[in-house]
Amino acid sequence: MAKRVRIEFISRGFHDLLSSSEVAGVVMDAAADIADVATGLSAAIIHHKDAPAYEVKGPKEGGYGGGRQIAYVAAANGAAYGDAVRHQVLERAVNASRIH
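Computed from a predicted model, the values in this text were never measured in an experiment.

1. Concerning the pattern of salt bridges
Turning to step 1, where the next piece is worked out: All told, the structure shown has two salt bridges when counted by the stated rule.
Turning to step 2, where the next piece is worked out: Its salt-bridge partner being R12, residue D16 comes within 3.2 Å of it at the nearest N-O pair. Taken together, the residues span about one helical turn, with D16 and R12 both in helix α1 (residues 11-18) at a distance of four residues.
Turning to step 3, where the next piece is worked out: Assessed through its relative accessible area of 55%, R12 is described here as exposed.
Turning to step 4, where the next piece is worked out: With its nearest N and O atoms 3.3 Å apart, the salt bridge here joins E55 to K57.
Turning to step 5, where the next piece is worked out: Among the residues examined, E55 registers a relative accessible area of 32% and is labelled partly exposed.

2. Comments concerning helix α3 (residues 78-87)
Turning to step 1, where the next piece is worked out: For α3, the full list of buried residues reads A79, A80, G82, D83 and A84.
Turning to step 2, where the next piece is worked out: Considering only its buried residues, α3 is in contact with α2 (21-45), β1 (54-62), β2 (68-75) and α4 (89-96).
Turning to step 3, where the next piece is worked out: Phi turns positive one or two residues past the end of α3, at Q88, with a value near 50°.

Definitions and cut-offs
Starting from 1, residues in each chain are numbered consecutively following that chain's sequence as written. It should be noted that, the model being predicted, local features are given only for residues of pLDDT at least 70 and side-chain atom pairs only at 80 or more, the latter also being counted only at that level, while totals for whole chains, interfaces and linings use all residues. Only hydrogens and water are set aside when side-chain values are computed; all heavy atoms of the structure are taken into account. Take a side-chain nitrogen of Lys or Arg and a carboxyl oxygen of Asp or Glu: if they are within 4 Å of each other, that pair is a salt bridge. The secondary structure listing takes helices from DSSP runs of H or I that are at least 4 residues long and strands from runs of E that are at least 2 residues long, numbered from the N terminus. Relative accessibility under 20% of the residue-type maximum defines a buried residue, over 50% an exposed one, and the middle range a partly exposed one, all with a 1.4 Å probe and only protein chains included. Any two residues whose heavy atoms approach within 4.5 Å are treated as being in contact.

This is the structure:
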């Protein structure tokens with residue numbers, strides 16, 4: 001005879017988990033990996049007088065789904081901004097990063 005299993009969704013528990021410092025660390029590690037890959041890709045595309053650089057913003061608590069730790073990667077200078085716009089460096093960095 002098969003046992004019946006009941007799974008109960010406890011919203012507060014998920015919120016606590018997604019807002020934890022441990023998850024913030026994982027989010028920051030993933031964002032740092034993307035920033036590193038983007039900086040390498042950008043430098044390989046075009047040689048700039050200023051080296052392109054990307055930086056991590058965060059972590060902070062986002063509002064989606066009741067709140068969770070978020071971070072994002074942004075261009076830290078004009079050279080990186082230009083490559084992000086012209087060559088989709090950030091999108092390429094996400095695809096090439098180890099976070100998959």
